[in-house]
Amino acid sequence: MKLTSEKLPKDPLYISLSQNAARNQNFFQWTKGKTGIRPDHYSHAHLVDKALQLLQERIRRGDAMAYFLRGQLYFEEGWYEEALEQFEEIKEQDHQATYQLGVMYYDGLGTAADAEKGVEYMKKIVDSPCPKTRHLHFAAAYNLGRAYYEGKGVQRSNEEAERLWLFAADNGNPKASVKAQSILGLYYSTKEPKELEKAFYWHSEACGNGNLESQGALGLMYFYGQGIRQDTDAALQCLKQAAERGNVYAQGNLVEYYYNMKFFTKCVTFSKRIADYDEVHDIPTIAQVTDCLPEFISRGMTMASFYYARCLQLGLGITKDEAMAKRYYSKACRLNPELADELHSLLIHQRI
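About the thresholds
- Residues numbered from 1 in each chain as written.
- Predicted model: local features only at pLDDT ≥ 70, side-chain atom pairs only at ≥ 80, totals over all residues.
- Heavy atoms only, no water.
- Helix = DSSP H or I, 4+ residues; strand = E, 2+ residues; numbered from the N terminus.
- Buried < 20%, exposed > 50% of the residue type's maximum accessible area, 1.4 Å probe, protein only.
- Contact = heavy atoms within 4.5 Å.
- Areas by Shrake-Rupley, 256 points an atom, 1.4 Å probe, with all protein chains shown as cover.
- Lys, Arg positive; Asp, Glu negative; His and termini not counted.
- Charge placed at Lys NZ, Arg CZ, Asp CG, Glu CD.
- Polar contact = N/O pair within 3.5 Å; in protein donor to acceptor, adjacent residues only side chain to side chain.
- Axes fitted to C-alpha atoms, helices over the stretch in contact; angles between N-to-C directions.
- Parallel < 35°, antiparallel > 145°, perpendicular 65-115°, else oblique.
- Left-handed = near helix turned anticlockwise from the far one by under 90°.
- Nonpolar A, V, L, I, M, F, W, Y, C, P; charged D, E, K, R; others polar.
- Phe/Tyr/Trp six-rings, centres within 6.5 Å; stacked < 30°, edge-to-face > 60°.
- Lys NZ or Arg CZ within 6 Å of the ring centre and 35° of its normal.

Student: How do you make sense of the overall build of the protein chain when you look at a structure like this?
Tutor: Helices and strands together make up the secondary structure of the protein chain, namely 19 helices and zero strands. Buried positions account for 48% of the 352 residues belonging to the protein chain. A separation of at least 24 residues holds for 54% of the contacts in the protein chain among residues at least 6 apart in sequence. Total accessible area on the protein chain stands at roughly 18,100 Å², and carbon and sulfur atoms take up 51% of it. Computed over 42 positive and 45 negative side-chain charges, the separation of the two mean positions in the protein chain equals 5 Å.

Student: Explanation requested: the environment of proline 294 in the structure shown.
Tutor: When you line up the elements, proline 294 lands in helix α17 (residues 294-314). For the pair proline 294 and isoleucine 283, spaced 11 residues apart in sequence, the C-alpha to C-alpha distance is 6.2 Å. When residues no more than four places from it in sequence are discounted, the contact partners of proline 294 are Thr4, Ile283 and Ala287.

Student: Mind showing me how you'd approach the side chain of lysine 179 here?
Tutor: Relative to the helices and strands, lysine 179 resides in helix α10 (residues 178-190). Taking relative accessible area as the criterion, lysine 179 reaches 6% and is therefore assigned buried. Reaching out from lysine 179, the side chain makes a polar contact with the side chain of aspartate 291 at a distance of 2.9 Å. Residue contacts for lysine 179: discarding those within four places in its chain leaves Thr4, Ser5, Glu6, Tyr142 and Asp291.

Student: Whenever I open this one, the packing of helix α4 (residues 64-76) against helix α6 (residues 95-107) confuses me. Can you help?
Tutor: Between two packed helices, both the angle of their axes relative to each other and the distance between the axes serve to describe the pair. Where α4 meets α6, the axes come as close as 10 Å, and the angle between the chain directions of the two elements is 25°. With respect to α6, the axis of α4 lies roughly parallel. In terms of crossing hand, the pair formed by α4 and α6 is left-handed. Residues Phe68, Gln72 and Phe75 of α4 touch α6, and the partners they reach there are Gln96, Ala97, Gln100 and Met104. Classifying every residue of the contact of α4 with α6 gives four nonpolar, three polar and no charged.

Student: Help me understand the packing of aromatic side chains, please; the structure alone is not making it clear to me.
Tutor: Any two aromatic rings considered together are summarised by their centre-to-centre distance and by the angle between their planes. Taken as a whole, this structure holds 23 aromatic pairs when the rule is applied. Arranged with centres 6.5 Å apart and planes meeting at 45°, the rings of tyrosine 258 and phenylalanine 263 form a pair that is tilted. For phenylalanine 263, a relative accessible area of 37% gives the class partly exposed. Site record: aromatic cluster; members linked through ring pairs are Phe223, Tyr224, Tyr257, Tyr258, Phe263 and Phe270. In this arrangement the basic side chain of arginine 156 is found over the ring face of tyrosine 149, its NZ or CZ atom lying 5.6 Å from the centre.

Here it is, written out as structure tokens:
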């Protein structure tokens, strides 16, 4: 399973320029109508350009933090080559730049992937006694755990990955790595032998700290009685709340529930919207926005495509259209052949 890196934790003394701009969008909208300034003056591109000008002026005045802020702005805009160059320039003076270089080399952002180099930078953060790295320790430990789990840049070791993730999770501390808490829930539910009580505990901690992936996972654990007593009401509450927040895997499982309960009109309405996501562009975008793993987003889209196709094939809740059904069956197979095969097997055995 391919995991994703932990985003840069925010320094208590640092507020992202892009976040600050976003926070002031309402003000910008209000002033547009009051000042007569042309609309493009407040466009995103104009605001970014203005921020870069301000940072250049701060750099000219000798503001050391401005170098990192400029690199981070490049990073947040997806200008990875420029970000990499800026972070490389200040890595000896700025620990946040070191952290970002670890992410960029490991994931191949703005450069060819170099997992060993990425691991080296993350170890520098984890091992640093400097107080300025304190807010980075948990996230860097999560990323190192990911490297050991995937066996990239280091020799693969689930035991070392687990140790690092437990450190990063810090007993459910909301100021630690919530991503590590969620991944521990996933890890304990997929390892052999499974440890479902531990999985439920960590998904509960992560969900309580706002993690969307774990909220959907809790719904399924309640639904199937995994690590906890089966509770359909609690399951549906978790799944619906996660679905409303954008968890596509929770949405796909609700589609399956609606189909099995013969709520076909609801199933069709809900599944079509999910099935029509673009598999190339929407999956990475949703992953970026929700911090859910791409694999589970793909699984949710697969389930929605399959059940929408089934409804089209049989004319359940929608006008029968076998040609369109074939199109959505094909999409399900492209998205996740293994899951589509499992669903097709249920169909053959008349369980769907």
